Amino acid sequence: MKSKKYTIVTYGCQMNEHDSEKISWILENMGYIWTDDKEDSDFIIYNTCLVRENAELKVYGQLGALKDLKRKNPDLILAVCGCMMQREEIRNIILRKYRHVDIIFGTGNIHKLPQLINRYHQSNETVVDVVEDNREIVENIDANRKYSFKAYVNVMYGCNNFCTYCIVPYTRGRERSREPENIIEEVRSLAERGYKEITLLGQNVNSYGKTLSYDYTFANLLEDINKIDGIKRIRFMTSHPKDLSDELIEAMASLDKVCEHLHLPIQSGSSRILKVMNRKYTKEDYLRLVEKIRNRIPDIALTTDIIVGFPGETEEDFNETLELVKKVEYDSAFTFLYSIREGTIAARMENQIPDDIKQERFQRLLDTLYPIFYKKNLKYQDKVVEVLVEEVSKNNEKVLTGRTRHGKLVHFEGDKKLIGQLVDVKIDNVKTFTLEGHII
Ligand code: 5AD
Ligand code: SF4
């Protein structure tokens, strides 16, 4: 019998990307094989994101466009999963307006996909299965990872912080930590299969361990993973500034495999806005934390997330964000226009900022950030950096790309056999977002 083919379209964060790797593993165990071509697929899954409106709108657009394909190929199964499906009102929209969707599932029941497919085959009606109150941790799902040398590993799920703009606590449920032994076992097995770099994933890794029945912190976990032979680099995302402990800074400084890069979302440089965002730190707290980290790890690369146009943000508040990014001198930043998310506290705030003001501030923020990124990269000019080779450049097949321990993207000429290897590269030229060099 001919193998059935599947494709997964993923929106959103690393957590979603990794969930898609798990879905892929499940489907391949069922005999499905991957295709890039939707026209040629027997099964198409959309793994959705709800964190900003544009990701949400794209999914509706894509689903609408698939109506024809479904008409041409009635055997095609169309599934939608991920954060959007955790919201009842969105599920209802899908059920009402996108009746050609066959399976709807959420963020907490990926492991049930084989059963859901069976149920669909038996009933031929739309199957909906969502765990409203995500509390369970499901082990024993492996992942069909995109790369064979670097891997995401979940350390915890959910978030308890309820930043007022953010939908995540409502789509991923309450914070819960995986047992350290399961995480360590997963990393050990990845190391045995030749993986060199691990990125530990959680919405707020600094509060890892709080739901365990014994004392064990994220710093302890880093220490244990640092001991695993074969692993060369350890990264993690994301850290909430309010929970970043001295113990963790010490672990980062002393453990040789933990990379010199910290992603530390600030969101706004105005203490007043930070308070309304429910971030639980002030601008001054954040600056003190940065100073402490840099005192202990002087060459650390710092990156951040910034939201522009949160409700009530005045010109003064925004200027404080500009001042802060100049003071901290980030290596890189993800910048976002504030997006109203139904169900969050900020969505009900009255003083929403008009789009044109948001856009204008956003541009000013980028104009401030880009020269800083460039300046930070300049310090690598003529230096030798260790690069984990990731792939062939999309624009030039002679050029390879990879990342340094500091998370810098490097371009250099080389043979694609080097993919997955650590190589030393001398930097000849520096740009705002990339370094260019040659292998030595
Ligand atoms: N609007 C804009 N950006 C948001 N983020 C989270 N929620 C929103 C929103 N409603 C950003 C935050 C977070 C990142 C993952 O997404 O900066 O750190
Ligand atoms: Fe959202 Fe805040 Fe939790 Fe991050 S810490 S996932 S921004 S609620």
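Presented here is a report on the structure given in the accompanying data block. Residue positions are given per chain, counted from 1 along the sequence in the order it is written. Here the convention is simple: chains get letters from A, ligands get numbers from 1, in the order in which they are written. Only residues with pLDDT of 70 or above have their local features reported here, since the model is predicted, and side-chain atom pairs are shown and tallied only from 80 upward, although totals for entire chains, interfaces and linings are computed over all residues. Values reported for side chains reflect all heavy atoms of the structure, with hydrogen atoms and water molecules removed beforehand.

### Concerning the sheet that holds strand E1 (residues 5-10)
Paired through their backbone hydrogen bonds, the strands of a sheet run either parallel or antiparallel. At least two DSSP bridges between two strands are required for those strands to pair. Runs of H or I in DSSP of at least four residues are treated as helices and runs of E of at least two as strands, each being numbered from the N terminus. Spatially, the six strands line up as an open sheet ordered E2-E1-E3-E4-E5-E6, and their pairing is parallel. Only two strands of the sheet have a single partner each, and these edge strands are strand E2 (33-34) and strand E6 (127-129). The pairing of strand E5 (residues 103-105) with E6 spans three bridges and is parallel. Looking across to E6, one finds that Ile104 is bridged to Val128.

### As for the pattern of salt bridges
For salt bridges, the criterion is a side-chain nitrogen of Lys or Arg within 4 Å of an Asp or Glu carboxyl oxygen. Applying the stated criterion across every chain, the model contains 40 salt bridges. With its nearest N and O atoms 3.3 Å apart, the salt bridge here joins Glu89 to Arg87. When accessible area is computed with a 1.4 Å probe and restricted to protein chains, residues below 20% of their type maximum are described as buried, those above 50% as exposed, and intermediate ones as partly exposed. For Glu89, a relative accessible area of 40% puts it in the partly exposed group. Judged by its relative accessible area of 14%, Arg87 falls in the buried class. Residues participating in the shared-partner salt-bridge network are Glu139, Asp142, Arg145, Arg178, Glu186 and Arg193.

### Details of unusual backbone geometry
A cis amide bond links Met237 to the next residue, Thr238, at an omega of -5°. Backbone geometry at Asn140 places phi at a positive 65°, although glycine is not the residue there. Mapping Asn140 onto the fold places it in the loop between E6 and strand E7 (150-154). Phi is positive for Gln267, which is not a glycine, with a value near 75°. As for its placement among the helices and strands, Gln267 is situated in the loop between strand E12 (261-263) and helix H10 (271-276).

### Digging into the site of ligand 1
Nearness is defined per residue: one heavy atom within 4 Å of the molecule or strand is enough. All residues in the neighbourhood of ligand 1 are listed as Val51, Arg52, Tyr165, Gln267, Asp305, Ile307, Phe336, Leu337, Tyr338, Ser339 and Arg341. As used in this structure description, the phrase polar contact means that two N or O atoms lie within 3.5 Å; if the pair is within protein, one of them must be able to donate a hydrogen and the other to accept it, and residues adjacent in sequence are counted only when both atoms belong to side chains. Between Tyr165 and ligand 1, the recorded distance is 3.0 Å, taken from a backbone N or O atom to a nitrogen atom. Within the side chain of Asp305, one N or O atom sits 2.6 Å away from an oxygen atom of ligand 1. Counted by class, the shell around ligand 1 contains six nonpolar, two polar and three charged residues. Ten residues, namely Ala, Val, Leu, Ile, Met, Phe, Trp, Tyr, Cys and Pro, are considered nonpolar, four, namely Asp, Glu, Lys and Arg, are considered charged, and the remaining ones, Gly among them, are considered polar.

### As for the packing of helix H8 (residues 218-226) against helix H9 (residues 246-254)
Relative to each other, H8 and H9 sit at 15°, their axes nearing to 8 Å. When the axes of H8 and H9 are compared, the pair comes out roughly parallel. As for the relative orientation of H8 and H9, their crossing is left-handed in sense. For the pair H8 and H9, contact is made by Phe218, Ala219, Asn220 and Leu222 and by Glu247, Leu248 and Ala251, respectively. Here the contact of H8 with H9 is composed, by residue class, of five nonpolar, one polar and one charged. Throughout, an axis means a line fitted to C-alpha atoms (over the contacting stretch in the case of helices), and angles, computed between N-to-C directions, take values from 0 to 180 degrees. Roughly parallel means an angle under 35 degrees; roughly antiparallel, over 145; roughly perpendicular, 65 to 115; everything else is oblique. Should the near helix be turned counterclockwise from the far one by less than a right angle, the crossing is left-handed, whereas a clockwise turn marks it as right-handed. Any two residues whose heavy atoms approach within 4.5 Å at even a single point are treated as in contact.

### Describing the site of ligand 2
Ligand 2 sits among Cys159, Asn161, Phe162, Cys163, Tyr165, Cys166, Val168, Pro169, Gln203, His240 and Arg279. Class assignment for the residues of the shell around ligand 2 results in seven nonpolar, three polar and one charged.

### Here we look at the pairing of strand E13 (residues 301-308)
The buried count for E13 comes to eight of eight residues, which makes it a mostly enclosed element. Side chains Ala301, Thr303, Asp305 and Ile307 project from E13 onto one buried face, and the interleaved Leu302, Thr304, Ile306 and Val308 project onto a second face that is buried too. By the bridge criterion, three bridges tie E12 to E13 in an arrangement that is parallel. Looking at the pairing, Leu262 lines up with Leu302 of E13. Direction of pairing for E13 relative to strand E14 (residues 332-337): parallel, over a ladder of six bridges. Across the sheet, residue Thr304 finds its bridge partner in E14, namely Ala333.

### Concerning the pairing of strand E19 (residues 434-439)
One ladder, built from four bridges, connects strand E17 (residues 409-413) with E19; its direction is parallel. Bridged to His411 within E19 is Glu436. Inspection of the sheet shows strand E18 (residues 422-430) paired to E19 by five bridges, in the antiparallel sense. From the neighbouring strand, Val430 faces E19, where its bridge partner is Leu435. Between E18 and E19, which pair antiparallel one after the other, the connecting turn spans three residues.

None of this, on its own, says anything about what the molecule does.
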